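Observations on chain architecture
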Amino acid sequence: MSTQQVADLLRQAKRILAVTGAGISSESGVPTFRGAGGLWGRFCAEDLATPEAFARDPELVWRCYDERRQDLALKSPNPGHTVLAGWEKRWPDFQLITQTVDGLHQLAGSKRVIPVHGNIWEMRCVDEGSIVIDRSVPLSTIPPRCSRCHALLRPNVVWFGEPLPAAAMATINKLLSRCQALLVIGTSAMVYPVAEFPLIVKKNGGRVIEINTEATPLTGLADYVLQGRAGEILPEIDHAL
Ligand code: BV8
């Protein structure tokens, strides 16, 4: 498959969606989760991304997130982020859904982005549920506490075993049912329920385009597979539009 074929498909399609995973940020120098040198090995174990781990040892969980935040603070968007931000202007109903929590899509200028797994730069009071944006690195106090009620603050991300935000999921399900072209970019397609999104689009007659450096469980199902780096392929597609 070629980037020209994908560009031709996108030019004809209405209602284009993109779903990104950690791979969209890897050319910004952000480690992915499951690749060699990945987050779940390098900074913290996957089993720390759970409410049980936080209840057991909030300090340990926050040390892991503080390390990731310090690493992320030095990173900037790459051409892949920039192209996706530009497609909001090109297509009025283009919508970006991301599993990343690093905020690089927003930094690149994406406004219509649904961060389904949350945002590492936000903290949520475990008692009040109030959310604060905090970009301090390193954290001055670990674990941080709510300035109003002094309860623990937690990272405002979705951990394993936690539901994705209901409002976001309602919007996404509507978008998926009408989507004509879904770009699935830089995700191992292993984490649910996001891994199911391409199946929903296919079931409703939409086309699925996978952009990834490797094969994934989605590769056999995708209508178009562009193997390579998102930071190179997305500008090529953009140029061919
Ligand atoms: C839930 C946030 C239910 C925190 C993360 C079936 C149905 C429903 C649920 C389940 C199910 N089966 C299992 C589950 C449970 C679980 C799950 O999916 N487990 C997996 C491991 C099997 N799911 C959940 O727990 C979800 N919640 O279902 O709740 C519920 C309902 C009601 C009430 C109660 C409960 C919550 C999942 C969210 C977990 N949070 N992160 C944090 O970041 O700290 S997960 C984490 O994985 C990140 O969000 C990450 O984005 C996400 C997915 O990983 P990827 O982004 O794909 O990253 P990965 O490293 O794996 O892959 C990178 C890819 O990029 C690779 O393919 C690589 O080849 C490619 N790549 C690399 N470089 C490039 C590139 N591609 C292109 N260009 C490059 N340059």
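Residues numbered from 1 in each chain as written. Predicted model: local features only at pLDDT ≥ 70, side-chain atom pairs only at ≥ 80, totals over all residues. Heavy atoms only, no water.

1. As for the overall build of the protein chain
Applicable threshold: What counts as a helix is a DSSP run of H or I of at least four residues, what counts as a strand is a run of E of at least two, and both are numbered from the N terminus. Two things to know: the radius of gyration comes from C-alpha atoms, and the globule rule equals 2.2 Å times the number of residues to the power 0.38. Partly exposed residues are those whose accessible area sits between 20% and 50% of the maximum for their type, while under 20% is buried and over 50% is exposed, using a 1.4 Å probe and protein chains only.
Check the secondary structure of the protein chain and you find nine helices and nine strands. Its C-alpha atoms give the protein chain a radius of gyration of 18 Å, near enough to 18 Å, the size a compact globule of 241 residues would have. Reported as C-alpha extents along the three principal axes, the dimensions of the protein chain are approximately 55 × 35 × 30 Å. Per-residue burial over the protein chain gives 52% buried out of 241 residues.

2. Quick word on the site of the ligand
We apply this condition: Consider each residue's heavy atoms; a residue with any of them within 4 Å of a molecule or strand counts as near. Distance and chemistry together define a polar contact, namely a pair of N or O atoms within 3.5 Å, with one atom able to donate a hydrogen and the other to accept it when in protein, and with adjacent residues in sequence counting only for side-chain atoms on both sides. Grid points spaced at 1 Å and placed over the protein atoms alone form the basis of the search, with a cavity being a set where a 1.4 Å probe fits but cannot get out and a pocket an open set showing protein on both sides within 12 Å along at least five of seven lines. Lining residues have an atom within 4 Å of a point. What decides whether a molecule sits in a cavity or pocket is whether more than half of its atoms lie within 2 Å of the grid points.
Neighbouring the ligand are 36 residues, the closest being R34, Y65, R68, H117 and S188. At a separation of 2.9 Å, a nitrogen atom of the ligand approaches a polar side-chain atom of S26. In this structure, an oxygen atom belonging to the ligand sits 2.6 Å away from a side-chain N or O atom of Y65. Comparing atom positions with the cavity grids shows the ligand to sit within the largest pocket.

3. Brief notes about the layout of surface pockets
Rolling a probe over the atoms, with the probe sized like a water molecule, indicates the empty space that remains. Our working definition: Grid points are joined across faces, edges and corners, and a volume is the space filled by probe spheres set on the points. Gly falls in the polar group here, along with every residue not listed as nonpolar (Ala, Val, Leu, Ile, Met, Phe, Trp, Tyr, Cys, Pro) or charged (Asp, Glu, Lys, Arg).
Computed from the structure, the largest pocket encloses a volume of approximately 910 Å³. Lining the largest pocket are 41 residues; nearest its centre among them are A22, T32, F33, R34 and S188. When contributions to the lining of the largest pocket are tallied by element, the ones reaching two or more residues are α4 (58-72) and β8 (207-212). Taken together, the residues of the lining of the largest pocket break down into 19 nonpolar, 16 polar and six charged.

4. A few points about the domain arrangement of the protein chain
Basically, it comes down to this: Bear in mind that the domain bounds are from an automatic or database domain assignment. A contact between two residues is defined here by any heavy atoms of the two lying within 4.5 Å. Defined here as a combined quantity, buried area equals the accessible surface (1.4 Å probe) lost by two parts on assembly, summed across both.
Per the domain assignment, the segments making up the protein chain are domain 1 (3-30 + 76-117 + 163-240) and domain 2 (38-74 + 123-157). Centre-to-centre, using C-alpha coordinates, domain 1 lies 27 Å away from domain 2. The partner domain 2 presents five residues to the six residues of domain 1 that form the contact. Taking both partners together, domain 1 and domain 2 bury about 460 Å²; carbon and sulfur atoms supply 61% of that area.

5. Some words on the pattern of salt bridges
Oppositely charged side chains are able to pair whenever their charged atoms sit close together. Which entries qualify depends on this criterion: One side-chain nitrogen of Lys or Arg within 4 Å of one carboxyl oxygen of Asp or Glu is enough to make a salt bridge.
The final tally for this structure, using the stated rule, is 10 salt bridges. D134 serves as the salt-bridge partner of R69, at 2.8 Å between the closest nitrogen and oxygen. In this pair, R69 is assigned in helix α4 and D134 in the loop between β5 (131-133) and β6 (153-157), connecting sequence segments 65 residues apart. A relative accessible area of 22% places D134 in the partly exposed class. A salt bridge links R154 to E162; its shortest N-O distance comes to 2.7 Å. Each member of the pair, R154 as well as E162, is classed as buried. Look at the salt bridges and you will find they share partners, linking K202, R207 and D223 into a network.

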